[in-house]
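Structural features, examined
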Amino acid sequence: GAVVSQHPSRVICKSGTSVKIECRSLDFQATTMFWYRQFPKQSLMLMATSNEGSKATYEQGVEKDKFLINHASLTLSTLTVTSAHPEDSSFYICSARAWAEGANTGELFFGEGSRLTVL
Amino acid sequence: GNSVTQMEGPVTLSEEAFLTINCTYTATGYPSLFWYVQYPGEGLQLLLKATKADDKGSNKGFEATYRKETTSFHLEKGSVQVSDSAVYFCALMNSGGYQKVTFGIGTKLQVIP
C-alpha cells in the first residue's frame, strides 16, 4: 500500500529556535498533503492543507507565520515551526491523499508522526 | 460544522471478548465514514470505510455499518485479540469540493490475555 514517511520522529529544541519536519510520499504522488496536531487524549486537529505548487490553506486559529508549510514537489511537504515555544510541544502528523486514476478513493495515508519537545 | 463523537475509553477487554466502539456524527450532505487505527508507536492507518448509507465496511474481523437514520458508524469485532490493542479513530469526510476529514477523539483499546 501507499507509504508516507515523516522525519524526524522525535526532536527536542530550545525555545526560540525553528524546527523543520518533512513529510514524503514514497510510492505515489500527493498533490495534497495535510498537517495535523495531536494533543494528549485529544483528536487530531487539522492545521493546514498543503497543495503542491501553491500556498497552504490554514484552518482558523492556526498562525500562518508560526507554522510555515511548503509543498515544493508532488512527494514532499515540510512544516517549519518558527521561534518554537514550550506550548508548541506536541505530536505533529502529516497525511497524504491517494487518488486512484479517474476516481477519488478518499483514503488518507499517514506518516508516523513527529514528537516535538520545546525546552 | 461537521463533528464526530466517540467514546473516549480506555476500553479494557479480555481476549476473545466482543468489542463495540460507538461513533456518531454530525454532517451536512452524505459524508464518507472511516475507522482508522493507530498502533503503539506508529502512524494512523485505515481500518475500514463506508461511502454511503447501509454500506458495511469490514477488515481484519472488524465491521461497521453506515446508519444514516441514527447517524452512527459503530465499530464491532466478535473476538478481540491482544494484537488489536491500539487507538481507534472514527472519522468522516464531507462530500463536495473541499473534502476535509474530521476525526473523533480516539478510543484506546487494551486487550489483556
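Residues numbered from 1 in each chain as written. Chains lettered and ligands numbered in written order. Predicted model: local features only at pLDDT ≥ 70, side-chain atom pairs only at ≥ 80, totals over all residues. Heavy atoms only, no water.

Quick look at the sheet that holds strand 8 (residues 76–81) of chain A now. Residues and elements named next belong to chain A. Ordered by their spatial adjacency, four strands build an open sheet running 1-3-8-7, and the pairing between neighbours is antiparallel. Taken across any chain shown, the strands that pair with only one partner, and hence form the sheet edges, are strand 1 (4–7) and strand 7 (67–73). Sheet twist, expressed as the average angle between the axes of neighbouring strands with direction ignored, equals 15°. Relative to strand 8, strand 3 (residues 19–25) runs antiparallel, the two being bridged by six bridges. Within the sheet, the bridge partner assigned to glutamate 22 lies in strand 8 and is threonine 78. (Pairing = 2+ DSSP bridges. Helix = DSSP H or I, 4+ residues; strand = E, 2+ residues; numbered from the N terminus. Axes fitted to C-alpha atoms, helices over the stretch in contact; angles between N-to-C directions.)

Evaluation of the coordinates by the stated rule reveals 11 aromatic pairs over all chains. Both rings, one in tyrosine 36 of chain A and one in phenylalanine 110 of chain A, keep their centres 6.0 Å apart while their planes meet at 45°; by these two values the pair is tilted. Of this pair, tyrosine 36 of chain A sits in strand 4 (residues 32–38) while phenylalanine 110 of chain A sits in strand 10 (residues 108–110); the two residues are 74 residues apart in sequence, bridging distant segments of the chain. Residue classification places tyrosine 36 of chain A among the buried residues on the basis of a relative accessible area of 1%. What makes phenylalanine 110 of chain A buried here is its relative accessible area of 8%. Where tyrosine 36 of chain A meets phenylalanine 103 of chain B, the ring centres are 5.5 Å apart and the plane angle is 90°; that geometry is what we call edge-to-face. (Phe/Tyr/Trp six-rings, centres within 6.5 Å; stacked < 30°, edge-to-face > 60°. Buried < 20%, exposed > 50% of the residue type's maximum accessible area, 1.4 Å probe, protein only.)

In this structure, the amide linkage connecting histidine 7 of chain A to the following residue, proline 8 of chain A, adopts the cis form with an omega of 0°. Its place among the elements puts proline 8 of chain A in the loop between strand 1 and strand 2 (10–13). Looking along the chain, the bond that leaves glycine 9 of chain B and enters proline 10 of chain B is cis, with omega of 5°. Locating proline 10 of chain B in the fold gives a position in the loop between strand 1 (3–6) and strand 2 (11–14). Of note, the phi angle at serine 83 of chain A is positive, near 45°, even though the residue is not glycine. Turning to its location among the elements, serine 83 of chain A is positioned in the loop between strand 8 and strand 9 (90–97). One non-glycine residue with positive phi stands out, namely glutamate 16 of chain B, at about 75°.

Checked against the element boundaries, lysine 100 of chain B lands in the loop between strand 10 (86–93) and strand 11 (101–103). Separated by 98 residues in the primary sequence, lysine 100 of chain B and asparagine 2 of chain B place their C-alpha atoms 9.5 Å from one another. With residues near it in sequence (within four places) discarded, lysine 100 of chain B still touches Leu46 and Glu59 of chain A together with Leu92, Met93 and Asn94 of chain B. (Contact = heavy atoms within 4.5 Å.)

Tallying the contact residues gives 21 residues for chain A and 18 residues for chain B. Both sides together, the interface formed by chain A and chain B hides about 1500 Å², and carbon and sulfur atoms give 52% of it. In this assembly, chain A and chain B are joined by zero salt bridges. Where chain A packs against chain B, one counts two residue pairs in polar contact (both at pLDDT 80 or more). (Buried area = accessible area lost by both parts, 1.4 Å probe. Salt bridge = Lys/Arg side-chain N within 4 Å of Asp/Glu carboxyl O. Polar contact = N/O pair within 3.5 Å; in protein donor to acceptor, adjacent residues only side chain to side chain.)

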